[in-house]
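# Architecture at a glance
The lines below spell out each chain.
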Amino acid sequence: MLSLRLFRLCSVHAMWNEAPILQESYKVYKVTRFRSLYTETRTRAFCGGSVKMGSRGNQVVEKQSPVSYQNVVVMRHGERFDNFEPSWAATAARPWDPPLAEAGRKRAFETGWRLRQSLGFPIQRVFVSPFLRCVQTAVQLVASLSAVDEGRGTVTSNGVTVDPSKVKVSVEYGLCEMMNSRAIRPNVAPKDGNMNFDIAKCEAMLPAGTVDKNVERVYKELPQWEETVLQAGARYQQLIKDLADRYLSENLLLVTHGEGVKVAVSSFRKDAAVNEADYCGYVELRRPIFKEDHAFTTGSSIYLLVVVKLV
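On to unusual backbone geometry, then. Despite not being glycine, Asn-196 shows a phi value in the positive range, around 55 degrees. Even without glycine at this site, Glu-226 takes up a positive phi of about 65 degrees. Residue placement: Glu-226 occurs in the loop between helix H4 (199-205) and helix H5 (229-246).

Of all the five residues making up strand S8 (residues 252-256), five are buried; the element is thus mostly covered by neighbouring parts of the structure. Alternating residues of S8 divide into Leu-252, Leu-254 and Thr-256 and Leu-253 and Val-255, and every residue in both groups is buried. Taken together, the five bridges between strand S5 (residues 68-76) and S8 define a ladder with parallel strand orientation. From the neighbouring strand, Met-75 faces S8, where its bridge partner is Val-255.

Our focus in this paragraph is the packing of H5 against helix H6 (residues 258-266). Two measures define how a pair of helices packs: the angle their axes make with one another and the distance between the axes. Where H5 meets H6, the axes come as close as 9 Å, and the angle between the chain directions of the two elements is 70 degrees. In terms of axis orientation, H5 runs roughly perpendicular to H6. The chirality of how H5 crosses H6 is right-handed. Where H5 abuts H6, its residues Val-229, Gly-233, Tyr-236, Gln-237 and Ile-240 lie against Glu-259, Gly-260, Val-263 and Ala-264. Residues that form the contact of H5 with H6 fall into these classes: five nonpolar, three polar and one charged.

What follows covers the packing of aromatic side chains. Here the structure, examined in full by the defined rule, presents four aromatic pairs. For the pair Phe-81 and Trp-88, a centre-to-centre distance of 6.5 Å together with 80 degrees between the ring planes defines the contact as edge-to-face. Residue classification places Phe-81 among the partly exposed residues on the basis of a relative accessible area of 27%. For the pair Phe-109 and Trp-113, a centre-to-centre distance of 6.2 Å together with 80 degrees between the ring planes defines the contact as edge-to-face. Linking Phe-109 with Trp-113, this pair stays in helix H2 (residues 102-118), spanning four residues, or about one helical turn. Above the face of the Tyr-236 ring, Arg-235 is positioned so that its terminal group lies 4.6 Å from the ring centre.

Parameters at a glance
Residues numbered from 1 in each chain as written. Predicted model: local features only at pLDDT ≥ 70, side-chain atom pairs only at ≥ 80, totals over all residues. Heavy atoms only, no water. Helix = DSSP H or I, 4+ residues; strand = E, 2+ residues; numbered from the N terminus. Buried < 20%, exposed > 50% of the residue type's maximum accessible area, 1.4 Å probe, protein only. Pairing = 2+ DSSP bridges. Axes fitted to C-alpha atoms, helices over the stretch in contact; angles between N-to-C directions. Parallel < 35°, antiparallel > 145°, perpendicular 65-115°, else oblique. Left-handed = near helix turned anticlockwise from the far one by under 90°. Contact = heavy atoms within 4.5 Å. Nonpolar A, V, L, I, M, F, W, Y, C, P; charged D, E, K, R; others polar. Phe/Tyr/Trp six-rings, centres within 6.5 Å; stacked < 30°, edge-to-face > 60°. Lys NZ or Arg CZ within 6 Å of the ring centre and 35° of its normal.

By themselves, these figures tell us nothing about what the structure is for.
This is the structure we're talking about:
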């Protein structure tokens, strides 16, 4: 059973015409109660073990200590080009699928470096929405995360040599934007709802050698057009669970859209509400890994840092 919980929420601020500038601010939320993906499973920290409320309200103390933790980072893409050039859509071949602006490329690259330096664990696998702004965000992130030279001599991935063994990448349909006119502007959305993504072209944009061709996608195709907000939320929530369960021994980075980050917060914090996720804003989720009978399992409980951090 998956019991990922909210660990922290972060974003990196960047300048449009200069190298990215990091600004930090912190906000601590008072913690009252947490909710996991499964609302019937509630836990709280308890002196080196944990307490789980049973079906009849009795407490069952689990004293086993985790051997490690799995971390899942859910991130929004960088700045989209059409927000800087509103007239772009009028002549674009794919007006529903804008690229990143230069500010978005810089912010994504800088965020990758920040993750590499501050997370405290390596990102081993990246999953990305097929929308162009997400793929281009992943290009910058992966370049930062897997750069051979750890020195800083550039503000984007241009000229960066990567070690493809460090991070593997896959395109996942299920991480796509909400498939409705609320998320995709009605004046640019294809009338038949057919986004016509070419996954091979998406993969070709990613750093050489980083694409994992052996990964089986959770979603074989895009969701149906005009899915509701609730349906999209359930999709994001279930997908986080499915991907984490498939890659139990790896730390994941999911590059998606603003609604996906909001769902990642609200699904794990009952008392939290996110009006908008910043560009490249991310939430870090964590769960313990236990060893039982020579096999690894997630168990049913969670240890967590009861602080939400906005950077």
